[in-house]
Amino acid sequence: MALLVVGSVALDSLETPFGVREDVLGGSATYFSTAASFFAPVRVVAVVGEDFPEAHVEFLRGRGVDLAGLERRPGRTFRWSGRYEFDLNQAHTLDTQLNVFADFRPELPEGFRDSSHVFLGNIDPELQLRVLDQVRAPRIVAADTMNFWIASRRAALLEVLRRVDLLFVNDAEARQLAGEHNIVRAARAILSFGPGAVVVKRGEYGALLFAGSDVFASSAYPLAELFDPTGAGDSFAGGFMGYLACSGSLDASAMRRAMVVGSVLASFAVERFGLDRLRDLGPGEIQARYAEFRRLAHFDDLDVDVLSVLPQG
Ligand code: AMP
């Protein structure tokens with residue numbers, strides 16, 4: 001099993017109520033591949049500029065990420081700056097500088113075309129389609145998107161949705177894409193556009209998986225340390241897809257476990273700024289938090305008929 005991701009590798013400037021950081025390593029492909037690398041070999045297709053520090057390349061390589069698809073181009077690296085209010089659920093984009101990303105035309109190295117699991121990170125849907133055209137016979141293709149593309153590239157995005165198995169969106173994006181306020185109806189509308197499943201991420205309220213007629217809810221971990229939500233969505237997707245690639249299964253139980261693994265990785269990502277927490281995370285901590293999620297969601301034993309206390313009839 002090999003997991004392919006296309007997305008941004010960025011230098012982020014972040015402002016949260018707890019502090020400010022400038023030009024730190026970020027980007028959708030970076031968070032995704034760091035989270036996924038705990039579970040499966042990851043292949044990255046992305047572009048950086050001449051100013052991108054070699055230490056960041058070394059970090060990703062050190063995580064076992066295959067960087068044969070990481071181009072270094074003349075010019076500056078993609079930069080994103082964002083600010084979070086006291087309510088950390090809402091990110092405000094202060095500035096997006098596409099730089100080398102503006103002319104990015106993803107080309108898959110020959111050795112990447114047999115990838116079994118594919119994640120199309122948040123980029124122009126035209127580029128997501130270009131990547132899809134280059135993979136041979138993936139077992140599962142997932143995509144992410146954002147408000148900007150929903151508003152400006154709707155036709156291409158709908159074409160992506162016809163061709164992918166799974167869409168990751170947050171609740172606001174689901175509403176915008178479906179033109180429907182209610183999340184359950186919005187998810188059903190998205191399924192009618194093509195994908196077999198949709199994951200709706202709801203920040204500190206957890207995430208919902210809609211797969212055919214099946215619905216599964218994963219809570220978010222109730223964290224006392226929450227510093228920077230940047231990358232939570234991509235870390236969720238990285239844990240989710242990494243687990244699927246590692247388990248080799250795509251059945252309903254594997255998808256449910258992937259929801260919890262995604263929630264585990266996202267919960268770590270937000271504990272410190274940028275990638276800081278994922279950098280020093282260990283497998284034992286991931287296992288321990290997965291067990292805590294299990295306890296968190298457990299409320300009775302299936303073989304005990306709790307409601308038999310109610311009067312019959
Ligand atoms: P999220 O997981 O949604 O918080 O993603 C955060 C990451 O997305 C940041 O590290 C940014 O560098 C990256 N990002 C923000 N806007 C864009 C964009 N328009 N295209 C690609 N990547 C972006």
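Above this text is the structure in question.
(A) Layout of the pattern of salt bridges. On inspection of all chains with the given rule, the structure shows 20 salt bridges. Across the pair E180 and R185 runs a salt bridge, and its minimum N-O distance is 3.9 Å. Among the residues examined, R185 registers a relative accessible area of 51% and is labelled exposed. Here the salt bridges do not stand alone but share partners, grouping E271, R272, R277, D280, E285 and R289 into one network.

(B) Up close: the packing of aromatic side chains. Taken as a whole and judged by the stated rule, the model has 11 aromatic pairs. Where F168 meets F240, the ring centres are 5.2 Å apart and the plane angle is 90 degrees; that geometry is what we call edge-to-face. Taken together, the residues span a long stretch of sequence, with F168 in strand β10 (residues 166-170) and F240 in helix α8 (residues 232-247) at a distance of 72 residues. Taking the relative accessible area as the measure of exposure, F240 reaches 0% and is therefore buried. Relative to F293, the ring of Y221 has its centre 5.6 Å away and its plane inclined at 35 degrees; by these criteria the two rings are tilted. One end of the pair, Y221, is in the loop between β13 (214-218) and α8; the other, F293, is in helix α11 (residues 283-297), and 72 residues separate them in sequence. Owing to a relative accessible area of 4%, F293 belongs among the buried residues under this scheme. Counting every residue linked through ring pairs, the aromatic cluster contains F32, F119, F168, F236 and F240. When the ring centre of F273 is taken as reference, the NZ or CZ atom of R21 above it lies at 4.2 Å.

(C) A look at a nonpolar patch on the surface. Nonpolar side chains collect at one region of the surface, where V304, V306, L307, V309 and L310 lie side by side and expose about 490 Å² of accessible area between them. Accessibility expressed as a relative area gives 70% for V309, which makes it exposed.

(D) Region of interest: the sheet that holds strand β12 (residues 207-211). With respect to topology, 9 strands assemble into an open sheet ordered β5-β4-β1-β8-β9-β10-β11-β12-β13, the strand pairing being mixed. In this open sheet, the two strands that pair with only one neighbour each are β5 (66-72) and β13. Neighbouring strand axes in the sheet, compared pairwise and without regard to direction, differ in orientation by 15 degrees on average. The sheet contact formed by strand β4 (residues 42-48) and β5 spans 5 bridges and is parallel. Its bridge partner being in β5, V48 is matched across the sheet by R72. Most of the contacts of helix α6 (residues 171-178) go to β10, to which it runs at about 110 degrees, and overall it touches β10 and β11 (197-201).

(E) Examining the nonpolar core more closely. By size, the foremost hydrophobic cluster in this structure holds 56 residues, and its most contacted members are L166, F168, V199, F240 and M241. Ranked by residues supplied to this core, first place goes to helix α9 (residues 252-269) with 11 residues. When sequence neighbours within four positions are dropped, the list of residues in contact with F240 reads L166, F168, V199, M255, A258, M259 and G262. The next biggest cluster of nonpolar side chains, apart from the first, holds 43 residues, and it includes V100, F101, L132 and A143.

(F) Just the site of the ligand, in detail. Contacts to the ligand come from 15 residues, most closely from S8, D12, G27, G231 and D234. Take G231: an N or O atom from its main chain is 2.8 Å from an oxygen atom of the ligand. Here the ligand has 510 Å² of accessible area as a free molecule, and 85% of this is covered by the chains. Of all the elements in the fold, those that place two or more residues in the shell around the ligand are β2 (10-16) and α8. Ranked by residue count, the leading element in the shell around the ligand is α8, at 3 residues. Class assignment for the residues of the shell around the ligand results in 6 nonpolar, 7 polar and 2 charged.

(G) Highlighting the sheet that holds strand β3 (residues 19-26). The 4 strands are arranged β3-β2-β6-β7 in an open sheet whose pairing can be described as mixed. A strand with exactly one partner marks an edge of an open sheet, and here the two such strands are β3 and β7 (91-97). The sheet shows a mean angle of 15 degrees between the axes of neighbouring strands, taken without regard to direction. Judged from the 6 bridges that link them, strand β6 (residues 79-84) and β7 form a sheet pairing that is antiparallel.

(H) Representation of the pairing of β12. For β12, a buried count of 4 out of 5 residues is recorded, marking the element as mostly surrounded by other parts of the structure. In the sheet, β11 pairs with β12 via 5 bridges, with the strands oriented antiparallel. Along β12, the bridge assignment pairs V199 with L209. Hairpin geometry of β11 and β12 is characterised by an intervening segment of 5 residues between the two adjacent antiparallel strands and by a positive phi of about 55 degrees at G203.

Calculation notes
Residues numbered from 1 in each chain as written. Predicted model: local features only at pLDDT ≥ 70, side-chain atom pairs only at ≥ 80, totals over all residues. Heavy atoms only, no water. Salt bridge = Lys/Arg side-chain N within 4 Å of Asp/Glu carboxyl O. Buried < 20%, exposed > 50% of the residue type's maximum accessible area, 1.4 Å probe, protein only. Phe/Tyr/Trp six-rings, centres within 6.5 Å; stacked < 30°, edge-to-face > 60°. Helix = DSSP H or I, 4+ residues; strand = E, 2+ residues; numbered from the N terminus. Lys NZ or Arg CZ within 6 Å of the ring centre and 35° of its normal. Patch = residues over 30% accessible without salt bridge, like charges linked within 9 Å, V, L, I, M, F, W, Y side chains within 5 Å. Areas by Shrake-Rupley, 256 points an atom, 1.4 Å probe, with all protein chains shown as cover. Pairing = 2+ DSSP bridges. Axes fitted to C-alpha atoms, helices over the stretch in contact; angles between N-to-C directions. Contact = heavy atoms within 4.5 Å. Core = buried A, V, L, I, M, F, W, Y, C linked by side-chain atoms within 4.5 Å. Near = heavy atom within 4 Å. Polar contact = N/O pair within 3.5 Å; in protein donor to acceptor, adjacent residues only side chain to side chain. Nonpolar A, V, L, I, M, F, W, Y, C, P; charged D, E, K, R; others polar.

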